[in-house]
Amino acid sequence: MNTLPLPSTTYLNFFFFHIHDFVFLAPTGKIERGLFVANYSQADTRYQGVEGKLNLNLRSDLWQNPGLDAVHARLTKPVVFLPRIPPLRGRASLDYRWRSFSVTPELSIANRQGQILTIETPTAGYVVFNLRGSYTVTRQHALQMFSVNFFNAGNALYRNHLSYIKQFAPEIGRGVQFTCTLRFFRAQPRLREIFAGGLWASDDRVDCFRVAAAKTGYDGVERSVCRLIGHNARPWKAFPGR
């Protein structure tokens, strides 16, 4: 039987806010006993920006996930920029799943942030590459996940504009994180599917659909569940005996 590809999804949000007496932490530029001195201030502000994400289904086992966000925030009187506002950022990743394996390469890009409060420190743009992988073992009443996260693979020197100590401490360099997770749960004896921390795992595509609908009460979750576990998706209605 032929399989149907999972649907692609798009999320796009524009926002524009005027906030009266907005409370923010404004640095004074002074240092006392090795600590920065800042004052909590109130003023009228204007926020505007955009954020979006696209989940593009390339194949039944491969997804492309680009996204971006941008914020422009300033005081209205006087017209100055607010501190610690993130720069224009973009992110692109591939999500490949095959049976119990999952591999996700990811590229994060940020523009230079020069729209700053007068005494704030600007930050340069950067490009960071990360790579995540995992293998999941499922049992009737347990899940075991082995995962590895290779972060900042290019060992880029960059600073997070949201950090209070960005002028002194850059972000972490190249590193590898290994994780082993073991979870126990109660489930119906005839089902091998589980839901734990947003991850579904299954050896049987049919049971995947059945337990999804049983837990949520509607069929719309079928495709998203099978995307998470890496199975080719087709509507539950295609299976006999429903």
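Attention in this report is confined to the structure presented alongside it. (Residues numbered from 1 in each chain as written. Predicted model: local features only at pLDDT ≥ 70, side-chain atom pairs only at ≥ 80, totals over all residues. Heavy atoms only, no water.)

**Some details on the overall build of the protein chain**
Tallying secondary structure elements over the protein chain gives two helices and 11 strands in all. Overall, the protein chain shows an N-to-C arrangement of helices and strands of β-β-β-β-β-β-β-β-β-β-β-α-α. The long-range share in the protein chain, meaning contacts at least 24 apart out of those at least 6 apart in sequence, stands at 55%. Total accessible area computed for the protein chain in this model is approximately 15,000 Å², and 56% of it derives from carbon and sulfur atoms. (Helix = DSSP H or I, 4+ residues; strand = E, 2+ residues; numbered from the N terminus. Contact = heavy atoms within 4.5 Å. Areas by Shrake-Rupley, 256 points an atom, 1.4 Å probe, with all protein chains shown as cover.)

**Looking at the pattern of salt bridges**
Under the criterion given, the structure shown has six salt bridges. Close ionic contact of Arg89 with Asp69 constitutes a salt bridge, the shortest N to O distance being 3.0 Å. Of the two residues, Arg89 sits in strand 5 (residues 89-98) while Asp69 sits in strand 4 (residues 67-75), which places them 20 residues apart along the sequence. Between Lys166 and Glu120 there is a salt bridge, and its shortest N-O distance comes to 3.5 Å. Linking Lys166 in the loop between strand 8 (142-151) and strand 9 (175-184) with Glu120 in the loop between strand 6 (101-110) and strand 7 (126-138), this pair joins segments that are 46 residues apart in sequence. For Lys166, a relative accessible area of 5% corresponds to the buried category. What emerges from the salt-bridge pattern is a single network uniting Arg91, Glu106 and Arg132. (Salt bridge = Lys/Arg side-chain N within 4 Å of Asp/Glu carboxyl O. Buried < 20%, exposed > 50% of the residue type's maximum accessible area, 1.4 Å probe, protein only.)

**A few points about a nonpolar patch on the surface**
A surface patch of nonpolar side chains, amounting to about 940 Å² of accessible area, comprises Tyr96, Trp98, Phe101, Val103, Leu107, Ile109, Val127, Phe129, Leu131, Tyr135 and Phe146. Sorting the residues of the nonpolar patch by element identifies strand 5, strand 6 and strand 7 as the ones contributing at least two each. Mapped onto the elements, Trp98 comes out in strand 5. (Patch = residues over 30% accessible without salt bridge, like charges linked within 9 Å, V, L, I, M, F, W, Y side chains within 5 Å.)

**Details of the environment of Val148**
One can find Val148 in strand 8. Counting along the chain gives 15 residues from Val148 to Gly133, while the straight-line C-alpha distance between them is 5.4 Å.

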